[in-house]
Amino acid sequence: MLVIVSNQFDQGAKSLASRWTAAGHVVGLLTPRDLSIAGWRCHPCGGKGHELAIIQGSVIPTESITGVFTRMASVFESDLTGIVAQDRSYVAAEMTAMLLSWLWGLRCPVVNRPTATCLAGPYWSTERWLKAARDLHIPTQPFQRSVHTRASHAEEPLPARSVIVTVIGEHVFGDEDGVPALWARRLAKAAECDLLTLTFEESGSSYAFAGAHLWPDLGDPVLADALVAHVQGRAQASAHGAAQ
Amino acid sequence: MILLWGLPGDEPLSVVFDLLHEQDAEVTFLDQREVLSTEVEVSCNRALTGTLWARGAAIDLSRVDAVYLRPYDTRRLPCIADALSREGNTSPAYAYALAVEEALTAWCEATDALVINRPSAMASNTSKPYQASLIAAHGFLVPDTLITTDPDAVTEFWQQHGEIVYKSVSGVRSIVKKMTSEERNRIDDLRWCPTQFQQFIEGTDYRIHVVGEDTFASQIVSGAADYRYARSQGADLQITPTRLSEDVLTSCHRLAHSLRLPVAGIDLRRTTQGAWYCFEVNPSPGFTFYDTSGQQLIARAIVRLLSQAAVAAQ
């Protein structure tokens, strides 16, 4: 089973699950609601015991999960309509912490691998992405963040001519053969991301990196299909490796 | 320049500030309570630069060589708690405070200055079992753990280990408690939220503070299941500096280093059989609670680390 982890009201995740199901995959949607159902059994740190998960309300053995795509940064209080209001903040923190540990410990491919700051990968600020690019000698677009009492804070708007590319595994979509594709692969590798959307500013024949995020437009069927192929491919490769 | 960020009443921060002041170090204290009059600009061009305005003074962030940060939950600052109670989560004051925090955090993550500790490194502590998996990879034993929403699973785990404790999964502070028959009556509530249970490990507690290359070990003797709350529970508590084997200290040092924490408080328990269990790595340790030497040894080590970074940058 392929599992998509998402917030409760994420229509994009539901559409993706439908698309992958229509293509013949067995897909389950795991939302915070599943974390309020009896049946979870997790033994982190290599503990012994049968592991069980709840996916779309049903108990399944964790070992039957062949791949995971995480589409949420954390559990939000707004996901927890079934929890009394005064407990939502605590429960959201507990569920996020549990999911981080669970996703981290899974043996199947998890896209993106969670980090301590975000369930869906490295949740870096623009400043941190630009530093990563500078460290790789990739030209960067100037960026300024201002927080002043006299005006609301706002990040710099994107330049008019920008190239947006999405890395999925080894493939780059949006500008397959150009310089941005090359830099995008290097940045995704440095950030240990299987899935990443990056923006480059184009000026004449040169480019400068402007930023990146973990939330590609998976309403785009090309990206949606490439993602499932990537997760399946990694699952098959890891099953093959385990069999040997 | 050395920048401290947090609350003046925070003991670890204020002790470090006083020691830096005694040494005539160039130090700036960013008082978190003044968040609503604090302004920040962070710029990335060929390098990371920025300016911080607080108490009417401008601080050039390019001149900051070392940072020691212990900010508290923004929502609990009096000025923000007040705004939240009046206006809810859409409070402009709350939004402004978050923007200041976000800008400073972004700068802390991207600067080449020494940061004790970078927020992303501290985040491993937001999930205890996640951090435990990193700890286990460094050779320490970790207690057998179950995270569950299943009452039957808890009963089985309890029977398997005889004595078990429960505590929060996240970094939200909770009192570690032993499971008793009283809790059994509430066990059906588990289904609402995954809960963490661990085998109870009998033994002696130690807190090891890693500060750069230095380590400071304290032995803790208490009758409470969670010694941090011993005094409030009327239990005894004794903290004494101690010496531990080089092997244990080296493992602690490696663990802190691998978690990218120049300063860390590591909670260990030694069983009567001599096995070492690690429960947690605290990325923002309240070290003054443990430093019973009367000589502020841990604070002085932090000051040394900050000062060395400042000197090295010049």
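Residues numbered from 1 in each chain as written. Chains lettered and ligands numbered in written order. Predicted model: local features only at pLDDT ≥ 70, side-chain atom pairs only at ≥ 80, totals over all residues.

### Some thoughts on the sheet that holds strand β13 (residues 206–213) of chain A
Sheets are built from strands that pair by backbone hydrogen bonding, the pairs being arranged parallel or antiparallel.
Residue and element names in this part refer to chain A.
Phase 1 of the analysis: Taken together, four strands build an open sheet; the order of strands is β11-β10-β12-β13 and the sheet is antiparallel. If you trace the sheet from one side to the other, it starts and ends with β11 (171–173) and β13, each paired once. For this sheet, the mean angle separating the axes of adjacent strands, direction not counted, is 30°.
Phase 2 of the analysis: Across seven bridges, the pairing between strand β12 (residues 195–203) and β13 is antiparallel. Bridge assignment links Phe 200 to a residue of β13, and that residue is Phe 209.
Phase 3 of the analysis: Sitting on the sheet, helix α4 (residues 179–190) is in contact with β10 (162–168), β11, β12 and β13, with an inclination near 45° to β10. (Pairing = 2+ DSSP bridges. Helix = DSSP H or I, 4+ residues; strand = E, 2+ residues; numbered from the N terminus. Axes fitted to C-alpha atoms, helices over the stretch in contact; angles between N-to-C directions. Contact = placed C-beta atoms within 7 Å.)

### A closer look at the pairing of strand β5 (residues 58–61) of chain A
Residues and elements named next belong to chain A.
Phase 1 of the analysis: Where strand β4 (residues 52–55) meets β5, four bridges bridge the pair, whose relative direction is antiparallel. Within β5, the position partnered with Ile 55 by the bridge is Ser 58.
Phase 2 of the analysis: Here β4 folds back onto β5, and the loop between the two strands holds two residues, one of which, Gln 56, carries a positive phi near 50°.

### Let's talk about the domain arrangement of chain A
All names here are of chain A.
Phase 1 of the analysis: Segmenting chain A into domains produces domain 1 (2–121 + 222–243) and domain 2 (126–213).
Phase 2 of the analysis: Computed from C-alpha coordinates alone, the two centres of domain 1 and domain 2 are separated by 28 Å.
Phase 3 of the analysis: Listed as interface residues are nine residues of domain 1 and, on the opposing side, nine residues of domain 2.
Phase 4 of the analysis: Residues belonging to the side of domain 1 that touches domain 2 are distributed by class as follows: five nonpolar, three polar and one charged. (Domains from an automatic or database assignment. Nonpolar A, V, L, I, M, F, W, Y, C, P; charged D, E, K, R; others polar.)

### Considerations on the packing of helix α1 (residues 11–22) of chain B against helix α9 (residues 297–312) of chain B
Residue and element names in this part refer to chain B.
Phase 1 of the analysis: Viewed as axis vectors pointing N to C, α1 and α9 meet at an angle of 60°, and their least axial separation amounts to 9 Å. Compared by their axis directions, α1 and α9 come out oblique. The crossing of α1 and α9 is right-handed. When α1 is examined against α9, the residues Val 15, Val 16, Leu 19 and Leu 20 are found in contact with a partner set consisting of Ala 299, Arg 300, Ile 302, Val 303 and Leu 306. (Parallel < 35°, antiparallel > 145°, perpendicular 65-115°, else oblique. Left-handed = near helix turned anticlockwise from the far one by under 90°.)

### Points about the environment of Gly 233 of chain A
Residues and elements named next belong to chain A.
Phase 1 of the analysis: Tracing the chain through its elements places Gly 233 in helix α5 (residues 221–243).
Phase 2 of the analysis: For Gly 233, a count of 14 C-beta atoms within 10 Å puts it in the partly exposed group.
Phase 3 of the analysis: Along the sequence, Gly 233 and Gly 169 sit 64 residues apart, while their C-alpha atoms lie 9.9 Å from each other. (Buried ≥ 20, exposed ≤ 12 C-beta atoms within 10 Å, placed from the backbone.)

### Concerning the packing of helix α2 (residues 78–87) of chain B against helix α3 (residues 92–110) of chain B
Any two packed helices are characterised by how steeply their axes cross, that is the angle between the axes, and by the distance between the axes.
Residues and elements named next belong to chain B.
Phase 1 of the analysis: The geometry of α2 relative to α3 is characterised by a closest axis approach of 8 Å and an angle of 140° between their N-to-C directions. Judged by the angle between their axes, α2 and α3 are oblique. Across from Cys 79, Ile 80, Ala 83 and Leu 84 in α2, the residues of α3 making contact are Ala 93, Tyr 94 and Ala 97.
Phase 2 of the analysis: Considering only residue class, the contact of α2 with α3 consists of seven nonpolar, no polar and no charged.

### Some remarks on the domain arrangement of chain B
Phase 1 of the analysis: If you check the domain split of chain B, you get domain 1 (2–117), domain 2 (124–128 + 132–138 + 203–283) and domain 3 (144–199).
Phase 2 of the analysis: A separation of 38 Å is found between the C-alpha centroids of domain 1 of chain B and domain 3 of chain B.

### A few points about the nonpolar core
Phase 1 of the analysis: Counting residues in hydrophobic clusters, the biggest one holds 163 residues, and the most contacted among them are Leu 187 of chain A together with Leu 4, Val 67, Ile 266, Ile 302 and Leu 306 of chain B.
Phase 2 of the analysis: Beyond its immediate chain neighbours, meaning those up to four positions away, Ile 266 of chain B contacts Ile 208, Val 210, Cys 252, Leu 255, Ala 256, Cys 278 and Val 281 of chain B. (Core = buried A, V, L, I, M, F, W, Y, C linked by C-beta atoms within 7 Å.)

### Remarks on the interface of chain B and chain A
Phase 1 of the analysis: At the junction of the two partners, chain B supplies 45 residues and chain A supplies 43 residues.
Phase 2 of the analysis: Counting residues per element, the ones that place at least two in the side of chain B that touches chain A are β3 (39–44), α3, α5 (128–136), β8 (145–148) and α6 (151–161) of chain B.
Phase 3 of the analysis: Looking at side-chain class alone, the side of chain B that touches chain A contains 25 nonpolar, 13 polar and seven charged residues.
Phase 4 of the analysis: Here strand β3 (residues 41–42) of chain A runs beside β8 of chain B; their pairing, made up of two bridges, is antiparallel.

### Some remarks on unusual backbone geometry
Phase 1 of the analysis: Residue Val 111 of chain A is joined to Asn 112 of chain A through a cis peptide bond whose omega torsion reads -20°.
Phase 2 of the analysis: The residue Asn 112 of chain A is located in the loop between β7 (110–111) and α3 (126–135) in this model.
Phase 3 of the analysis: Following Ile 116 of chain B, the chain continues into Asn 117 of chain B via a peptide bond in cis, with omega recorded as -10°.
Phase 4 of the analysis: Assignment of secondary structure puts Asn 117 of chain B in the loop between β7 (114–116) and α4 (119–122).
Phase 5 of the analysis: The phi dihedral of Gln 56 of chain A falls on the positive side, at around 50°, and the residue is not glycine.
Phase 6 of the analysis: The residue Gln 56 of chain A is located in the loop between β4 and β5 in this model.

### Concerning the sheet that holds strand β2 (residues 27–31) of chain B
Residue and element names in this part refer to chain B.
Phase 1 of the analysis: Strand order in the open sheet made by the four strands is β2-β1-β6-β7, with parallel pairing throughout. Strands with a single pairing partner mark the edges of an open sheet, and in this sheet they are β2 and β7. Going from strand to strand, the sheet's axes swing by 15° on average, the running direction of each strand aside.
Phase 2 of the analysis: Bridge analysis of strand β1 (residues 2–6) against strand β6 (residues 66–69) gives four bridges, and the strand direction is parallel. When the sheet's bridge partners are listed, Ile 2 is paired in β6 with Ala 66.
Phase 3 of the analysis: Contacts from α9 reach β1, β6 and β7 within the one sheet, and its direction differs from that of β6 by about 150°.

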